[in-house]
Amino acid sequence: MSNDAATEAPTLEGPQQEPPAHGLGASLPPADARAKTEGTFPYAADLWAEGLLWAAILRSPHPHARIVSIDTEAAAEMLGVRAVVTHEDVLGDPSYGRRVVDRPVFASDVVRHHGEAIAAVAADHPDTARMAAAAIAVEYEILDPVTDPEKAFAAEPLHPDGNLIRHIPLRYGDPEIQGEIVVEGLYRIGRQDPAPIGAEAGLAVPRPDGGVEIYTASTDPHTDRDLAAACFGLDPERVKIVVTGVPGATGDREDPGFQIPLGLLAMRTGCPVKLAATREESFLGHAHRHPTLLRYRHHADGEGRLVKVEAQILLDAGAYADASSESLAAAVAFACGPYVVPHAFIEGWAVRTNNPPSGHVRGEGAMQVCAAYEGQMDKLAGKLGLDPAELRLRNVLSTGDILPTSQTVTCPAPVAELLRSVRDFPLPALPKDTPEAAWLLPGGIEGAGEPGAVRRGVGYGIGMVHMLGAEGADEVSTATVKVHDGVATVICAAVETGQGFSTLARQIVQETLGIEEVHVASIDTDQPPAGPAAHGRHTWVSGGAVERAAKMVRTQLLQPLAHKFGMSTELLQITDGKITSYDGVLSTTVTEAMDGKELWATAQCRPHPTEPLDDSGQGDAFVGLAFCAIRAVVDVDIELGSIRVVEMAVAQDVGRVLNPAQLATRIEAGVTQGIGTALTENLRTTRGLVRHPDFTGYALPTSLDAPDIRIVKLVEERDVVAPFGAKPASAVPVVTAPAAVASAVRAATGRPIARLPIRPQAAVAAAPPAAPSPNA
């Protein structure tokens, strides 16, 4: 990423105004930025308590096996070991699950994936705990794993609930209709790991009432509390989740599979127990993006307008259901992309296998289908001899169009404007064949490539995601705002995962109450719930709750003044800490008006309800939609298959810019994550066994891999049903970027590119394509 792209705020069309110093629209820095920079931020891995014990978890070395026996005697007798727990020690429900309760705390009779938890140990030293876990003798009867999701339909049931988690048959229009032009494609998307920064860790502390407190980087603390309490056999009030500093999250940050064993060990020993997972344990234990197989057939008329889309979508859920039902709903609903399709017939399935578990990762479902439908659009453009951008423009959605789920697009949908913006943005200069520019070659300065083998490609991707939960999810959030002695405090259980909610909450209160010093309280489950940190919901729902609470405090503040001067509160305004009336008669400061009082208010925000998709895949399942267009420019060595992403030009539908610098960072991070999906990130397995579960075998993009990311346009067309009119920012570039990179590699090589991440052999051109050499 260039220095300019990394530091400059996004640019908007039209005359620019000086941004405010605080409040909405200001580039307010995160409150925790200094602590994180200096290394003083309180992560769970840094926590300590008097009498601390250490935990270790024994995990299955097999993807599928029957457990014949578990012998913990040798482990329990080791010096320093305080407790060993297995499935027999789970006091309440033996299984858990955020969406479907189907995943055992500890495997009891059958192991269903590599790395499944068998037992846990607490000891006085982390090395002792690990050795004790290794000393647990488990006798397995090895079973043949089911790792091909297509074979899961006919295989013996891997789980009492069966292998099929959900089937959605979407039917929209006339099944007999045919187009003049037909293109088909088979696409495969690999298994992406969320690879959270920082160790997954937690500390459990027993309570005098027999309950337990768990300190961890949860992104959905109230749900985690309820799951843990059910497994502990306790009322939720006796279990408390305290959210520690979250190093960043692109999915469910801390899997309950880490938290529940910690709580069991703490209650068993009566001592605080800590677990800091190794990177290998993280790879084996938490959920990944669903590997997906997609078959597509697009029908179009002679002008390139879509007539019908047929698709089959198969999600590999791994051993347990987790978020597979919701991911499948998004994949099926968005299978045609942000295009007008009068007839659509989509079959979607999510199935269990003995592969690692899949779950919530940013843009789930939508990312996989975006890569496929954009591949189809490239094929269609090639067959018709049309420019790929022009073909897309002939088919894009706009406000008022209808999705194949029969839901009308009521939110702003400026898809054509986004695509034109990236199409018309100037292309980057071609590199020159000089030693000074050798680093520009794919593979870098140490690469073996030759400049004459490099071809440049330009490709496009258009993506869409849904905002908030879907299919009837209750998206309520609660917030409290307190003001005393000129300082405001926000109490809301919305976890800051890097999406910027804490900063936004401060800006909302500054804007509404004119108070510059605003603090956001730490989070635990003694507060009212705010829901999970996913789908941009905290910007919308939790931000909306903060705004409503702040406005209620504002009314409490202004009402006595308005009554005294015989006017309504609407005639008073607060600016820069001063309260003035419309006619200038009243002028005072907020501090003077408070007169030492403490004001507070609690409010909720709940968006309009949605409904589940019916038996034909129809229904108003989504609160709102967000869109993005990306133009990717890549250089490909067509002899070696090495790829360098030169530039990503991004145009995004954001509703309203609330924090320009923060928004730019979120978009750039999302694009970079999408580049990893396109080129490097694939958690490889062999018959269900995870290969190289570490960062030597799983390649994340680094700063050296990040290209110039140009935010060429942000469309601020406010969504009237959203608080502040803003839309989520980070998921949709993650969804769109892989498709754009694949499109550009197709343009450079002439190869179909139907698998992500793109393998080097797939980018080797059989013959030089028509694209010009960058050295021409």
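Every value quoted in this text rests on a predicted model; they were computed, and no experiment measured them.

(A) Molecular detail of the overall build of the protein chain. Tallying secondary structure elements over the protein chain gives 16 helices and 31 strands in all. Radius of gyration (C-alpha) of the protein chain: 27 Å, near the 28 Å computed for a compact globule of 776 residues. Seen along its three principal axes, the alpha-carbon backbone of the protein chain occupies a region of about 85 × 75 × 60 Å. The buried share of the protein chain, reckoned over its 776 residues, is 61%.

(B) Looking closely at the packing of aromatic side chains. Evaluation of the coordinates by the stated rule reveals seven aromatic pairs. Ring plane angle 70 degrees and centroid distance 5.1 Å describe the contact between Phe41 and Tyr43, whose orientation is recorded as edge-to-face. The exposure class assigned to Phe41 is buried, which follows from its relative accessible area of 13%. A ring pair is formed by Phe153 and Trp349, whose centres lie 5.9 Å apart and whose planes are at 80 degrees; its orientation type is edge-to-face. Here Phe153 is found in the loop between strand E8 (137–142) and strand E9 (164–172), whereas its partner Trp349 is found in strand E17 (residues 343–351), with 196 residues between them in sequence.

(C) Local environment of the sheet that holds E17. As summarised here, the arrangement of the six strands in space is E9-E17-E16-E15-E10-E31, forming an open sheet in which the pairing is mixed. Of all strands in the sheet, those bounded by a partner on one side alone are E9 and strand E31 (755–756). The sheet contact formed by E9 and E17 spans eight bridges and is antiparallel. Bridged to Arg171 within E17 is Phe345. In the packing of helix H8 (residues 324–333) onto the sheet, contacts are made with E9, strand E16 (306–316) and E17, and the angle to E9 comes to roughly 20 degrees.

(D) Just the pattern of salt bridges, in detail. For the structure on display, the rule yields 39 salt bridges. Measuring nitrogen to oxygen at the nearest pair gives 2.8 Å for the salt bridge that ties Arg352 to Asp102. Remark: Asp102 occurs in the loop between strand E4 (95–96) and strand E5 (103–104) and Arg352 occurs in the loop between E17 and helix H9 (366–384); sequence separation between them is 250 residues. Residues Asp127 and Arg130 are paired through a salt bridge, measuring 2.5 Å at the closest nitrogen-oxygen approach.

(E) Geometry of helix H16 (residues 731–749). The terminal C-alpha atoms of H16 lie 29 Å apart, and with 19 residues this matches the ideal 27 Å at 1.5 Å per residue to within 8%. Of all 19 residues in H16, 18 are buried, a share of seventy percent or more. Just downstream of H16, Gly750 is the residue with a positive phi angle, here 75 degrees.

(F) The confidence of the model for the protein chain, seen in detail. Within the protein chain, residue pLDDT values average 90, and 93% of them lie at 70 or more. Ignoring residues within four places in sequence, the model shows residues 1–16, a span with pLDDT below 50, making 33 contacts including any to other chains. Predicted confidence is poor over residues 768–776, with pLDDT under 50, and the contacts of this stretch with residues over four places away or in other chains come to 27 contacts.

(G) How the structure looks around the environment of Val369. With respect to the element layout, Val369 can be found in helix H9. For the pair Val369 and Val735, spaced 366 residues apart in sequence, the C-alpha separation works out to 9.0 Å. Setting aside its immediate chain neighbours within four residues, Val369 contacts Leu294, Tyr296, Ile313, Ala331, Phe334 and Ala335.

(H) Spatial organisation of the packing of helix H5 (residues 221–232) against helix H6 (residues 256–269). Their axes nearest at 10 Å, the elements H5 and H6 cross at an angle of 45 degrees. As far as their axial angle goes, H6 and H5 are oblique. Of the two possible hands of crossing, H5 and H6 adopt the one that is right-handed. Facing H5, whose interface residues are Asp224, Leu227, Ala228, Cys231 and Phe232, H6 presents Pro256, Gln259, Ile260, Gly263, Leu264 and Met267. Partitioning the contact of H5 with H6 into residue classes produces eight nonpolar, two polar and one charged.

(I) Structural view of the sheet that holds strand E27 (residues 643–653). Reading across from one edge, E18-E26-E27-E30 is the order of the four strands in this open sheet, with mixed pairing throughout. Edge positions in the sheet fall to strand E18 (454–470) and strand E30 (708–715), since each has one partner strand and no second. Strand-to-strand, the axes of this sheet are offset by a mean angle of 20 degrees, without reference to chain direction. Two strands pair when backbone bridges link them, and E27 and E30 are joined in this way by seven bridges, in the parallel orientation. By the bridge assignment for E30, Glu647 is matched with Asp708.

(J) Up close: the pairing of strand E23 (residues 578–581). Because side chains alternate across E23, one face comprises the buried residues Ile579 and Ser581, and the other comprises Lys578 and Thr580, none of which is buried. Judged from the four bridges that link them, strand E22 (residues 572–575) and E23 form a sheet pairing that is antiparallel. Each bridged residue has a counterpart across the sheet, and for Ile574 the counterpart in E23 is Ile579. Across three bridges, the pairing between E23 and strand E24 (residues 587–589) is antiparallel. Bridge assignment links Lys578 to a residue of E24, and that residue is Thr589.

(K) Structural view of the side chain of Glu374. Along the chain, Glu374 falls in helix H9. Judged by its relative accessible area of 0%, Glu374 falls in the buried class.

(L) Examining a negative patch on the surface more closely. Taken together, the side chains of Glu611, Asp614, Asp615 and Asp620 present a region of like negative charge at the surface. Take Glu611: it is sitting in the loop between strand E25 (599–605) and strand E26 (622–637). For Glu611, a relative accessible area of 38% translates into the label partly exposed.

(M) Expanded view of the packing of helix H15 (residues 660–679) against H16. Viewed as axis vectors pointing N to C, H15 and H16 meet at an angle of 45 degrees, and their least axial separation amounts to 7 Å. Relative to H16, the element H15 is oriented oblique. Here H15 runs over H16; the crossing is right-handed. The residues of H16 that touch H15, namely those facing Ile667, Gly670, Val671, Gln673, Gly674, Ile675, Thr677, Ala678 and Leu679, are Pro733, Val734, Ala737, Pro738 and Val741. Taken together, the residues of the contact of H15 with H16 sort by class into 10 nonpolar, four polar and no charged.

What counts as what
Residues numbered from 1 in each chain as written. Predicted model: local features only at pLDDT ≥ 70, side-chain atom pairs only at ≥ 80, totals over all residues. Heavy atoms only, no water. Helix = DSSP H or I, 4+ residues; strand = E, 2+ residues; numbered from the N terminus. Rg over C-alpha atoms; globule rule 2.2 N^0.38 Å. Buried < 20%, exposed > 50% of the residue type's maximum accessible area, 1.4 Å probe, protein only. Phe/Tyr/Trp six-rings, centres within 6.5 Å; stacked < 30°, edge-to-face > 60°. Pairing = 2+ DSSP bridges. Contact = heavy atoms within 4.5 Å. Axes fitted to C-alpha atoms, helices over the stretch in contact; angles between N-to-C directions. Salt bridge = Lys/Arg side-chain N within 4 Å of Asp/Glu carboxyl O. Expected span 1.5 Å × (residues − 1). pLDDT = per-residue confidence, 0-100. Parallel < 35°, antiparallel > 145°, perpendicular 65-115°, else oblique. Left-handed = near helix turned anticlockwise from the far one by under 90°. Nonpolar A, V, L, I, M, F, W, Y, C, P; charged D, E, K, R; others polar. Patch = residues over 30% accessible without salt bridge, like charges linked within 9 Å, V, L, I, M, F, W, Y side chains within 5 Å. Areas by Shrake-Rupley, 256 points an atom, 1.4 Å probe, with all protein chains shown as cover. Lys, Arg positive; Asp, Glu negative; His and termini not counted. Charge placed at Lys NZ, Arg CZ, Asp CG, Glu CD.

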